[in-house]
Amino acid sequence: MIWKDHGELFQRNKKNPILTIDDWPYQANSVFNPAAAIVDGQTLLLVRVEDHRGFSHLTVARSKNGIDGWEIDPEPTLMPDPLNYPEEIYGIEDPRITYIDEMGKWAVAYTAFSDSGPLPALAFTEDFRKFERVGATLPPENKDAAVFPVRFNGMWAMIHRPVSGMGGGKANIWISFSPDMKYWGDHQVLLYAREGGWWDARKIGLSPQPLHTPDGWLIMYHGVRQTSSKTSYKLGLALLDLEDPRKVLYRSEGWVFGPRELYERSGDVNDVVFPCGWVLVDDEIRIYYGSADTSVSLATAKVSDILEYMHECPETQCPEEYYRWFEENSGFSSDAKKGDVKIKIKNETPSVRG
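No experiment lies behind these values; they were computed from the predicted model shown. (Residues numbered from 1 in each chain as written. Predicted model: local features only at pLDDT ≥ 70, side-chain atom pairs only at ≥ 80, totals over all residues. Heavy atoms only, no water.)

Asks: Which parts of the structure should I look at to understand a negative patch on the surface?
Replies: Residues Asp282, Asp283, Asp305, Glu308 and Glu312 make up a contiguous surface patch of negative charge. Counting through the fold element by element, Asp282 comes out in the loop between β19 (273-281) and β20 (284-291). (Patch = residues over 30% accessible without salt bridge, like charges linked within 9 Å, V, L, I, M, F, W, Y side chains within 5 Å. Areas by Shrake-Rupley, 256 points an atom, 1.4 Å probe, with all protein chains shown as cover. Salt bridge = Lys/Arg side-chain N within 4 Å of Asp/Glu carboxyl O. Lys, Arg positive; Asp, Glu negative; His and termini not counted. Charge placed at Lys NZ, Arg CZ, Asp CG, Glu CD. Helix = DSSP H or I, 4+ residues; strand = E, 2+ residues; numbered from the N terminus.)

Written as structure tokens, this is what we have:
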């Protein structure tokens, strides 16, 4: 099938950037990478704020229409607590918010920056004023974590992105499971970074929290492309099975949103669009993203258009040529559909979900 280039699927808001450091009620260097949720009928952003040391904390901003008229907490909402949680010694970053109906609480997954590198941490809140920390959930180096709002076969699920510090391994997106939101296991790859010249080759990571749709769990992820002169962050989509989130139903080939405007191309880190939150308002998906690690911007798309697009995407995660090479060189048999790889062991072919 000949690939059709759909271009960018999300439309930028004309008021972008919608939040800058000039809007902030206290001194800081930059505001970016916000989590997002609808709380008490308002749009709530939990914004990463970087101070003039280079350390980050989180601050709440609220708006009735989700575009302007923001009411920002006069002081940091959630500060690092390195005395009780030493993994937060260099700050806390990039939150994702999920409402857990079973608990009646919001789960805030964020990156704690420890002396050994970044790692996922988790806290719960009922009102975004008081927070109950769980602490570190996985060891470094790991980030881009978010939890699902429901259990699967009695287990909670979390998406995250570990990075290999040695051997030049790819940075793939993983999924893990827990009985209690504290101890996590059954780790396995969910999305593979592609190879070669792809926009999402070598390094990918989750962007906002998983979004429930009638057709599956919609996830947005970022791909990091390194050229000789720069690094660029772009965004793609995947759709996961509602009953088994390890199963990838569809995955976009081209990116659906990328840095284009000056406020996305020039800042503390150039060529970055990085959403940590999105909300669904009627049939509209709103992504709130960090632009060039300097400000907060907004882009929108109709969920019906996104789902129509997803059903036109392939069910294969990686080029089939890669799987054929894998089979020929490793003694593995493969099924490229939905990322499954079947390993030959003693004439048995148990399936290891990818």
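Next comes the rest of the account.
Asks: What exactly am I supposed to notice about the packing of aromatic side chains here?
Replies: Describing an aromatic ring pair means giving the distance of the ring centres and the angle of the ring planes. Taken as a whole and assessed by the stated rule, the structure comprises twelve aromatic pairs. Ring centres of Phe148 and Phe152 lie 5.4 Å apart, and the angle between their planes is 90°; this geometry places the pair in the edge-to-face category. Exposure class is identical for Phe148 and Phe152. Each is buried. Between Tyr233 and Phe274, the ring centres sit 6.0 Å apart and the planes meet at 65°, which makes this aromatic pair edge-to-face. Linking Tyr233 in strand β17 (residues 231-240) with Phe274 in strand β19, this pair joins segments that are 41 residues apart in sequence. Looking at Phe274, the relative accessible area reads 6%, which means it is buried. Pairwise contacts between aromatic rings join Tyr99, Trp106, Phe128 and Phe131 into one cluster. The residue whose ring lies beneath Lys182 is Tyr183, and the NZ or CZ to ring-centre distance is 5.6 Å. Note that Arg194 overlies the ring of Trp198, its terminal NZ or CZ placed 4.3 Å from the centroid. (Phe/Tyr/Trp six-rings, centres within 6.5 Å; stacked < 30°, edge-to-face > 60°. Buried < 20%, exposed > 50% of the residue type's maximum accessible area, 1.4 Å probe, protein only. Lys NZ or Arg CZ within 6 Å of the ring centre and 35° of its normal.)

Asks: Help me understand the sheet that holds strand β2 (residues 30-39), please; the structure alone is not making it clear to me.
Replies: Strands belonging to one sheet form pairs held by backbone hydrogen bonds; the direction of such a pair is parallel or antiparallel. Read from one edge to the other, the open sheet built from four strands follows the order β2-β3-β4-β5, with strand pairing classed as antiparallel. On the outer flanks of this sheet lie β2 and β5 (71-72), each paired with one strand and no other. As paired elements, strand β3 (residues 42-50) and strand β4 (residues 56-63) share eight bridges and run antiparallel to each other. Across the sheet, residue Leu44 finds its bridge partner in β4, namely Arg62. (Pairing = 2+ DSSP bridges.)

Asks: Just checking my understanding: could you explain the sheet that holds strand β11 (residues 156-162) for this structure?
Replies: One open sheet holds the four strands; their spatial order is β10-β11-β12-β13, and the pairing between them is antiparallel. Either end of the sheet is taken by a strand with one partner, and the two such strands are β10 (142-147) and β13 (185-191). Geometrically, the sheet is characterised by an average inter-axis angle of 30° between neighbouring strands, direction not taken into account. Relative to β13, strand β12 (residues 173-178) runs antiparallel, the two being bridged by four bridges. Residue Phe177 lies in a different strand from β13, and its bridge partner there is Gly185. (Axes fitted to C-alpha atoms, helices over the stretch in contact; angles between N-to-C directions.)

Asks: Is there a simple way to explain the pattern of salt bridges in this structure?
Replies: Oppositely charged side chains may form a pair once their charged atoms are brought near each other. With the rule as written, the count across this model stands at 21 salt bridges. When the shortest N-O distance is used, the salt bridge between Arg62 and Asp73 registers 3.3 Å. Highlighted residues: Arg62 in strand β4 and Asp73 in the loop between β5 and β6 (92-100), separated in sequence by eleven residues. Of the charged contacts in the structure, one is a salt bridge between Arg194 and Asp200, with a shortest N-O distance of 2.6 Å. Taken individually, Arg194 and Asp200 each receive the classification buried, so the pair is uniform in this respect. Members of the salt-bridge network, linked through shared partners, are Glu8, Arg12, Arg260, Glu261 and Glu264.

Asks: Please clarify how the nonpolar core should be interpreted in this entry.
Replies: Taken as a class, soluble globular proteins show a tendency for nonpolar side chains to be buried jointly. One finds Phe10, Leu218, Leu237, Ile285, Ile287, Ile306 and Met310 to be the most contacted residues of the largest nonpolar core, which totals 26 residues. Of all the secondary-structure elements, those providing two or more residues to this core are β16 (216-226), β17, β18 (248-251), β19, β20, β21 (295-302) and α2 (303-310). The leading source of residues in this core is α2, at five residues. Beyond its immediate chain neighbours, meaning those up to four positions away, Ile285 contacts Phe10, Leu211, Leu218, Trp278, Val279, Leu280, Ala299, Thr300, Ala301, Val303 and Ile306. Listed in part, the 20 residues of the second largest apolar core include Phe148, Ile159, Trp199 and Leu206. (Core = buried A, V, L, I, M, F, W, Y, C linked by side-chain atoms within 4.5 Å. Contact = heavy atoms within 4.5 Å.)

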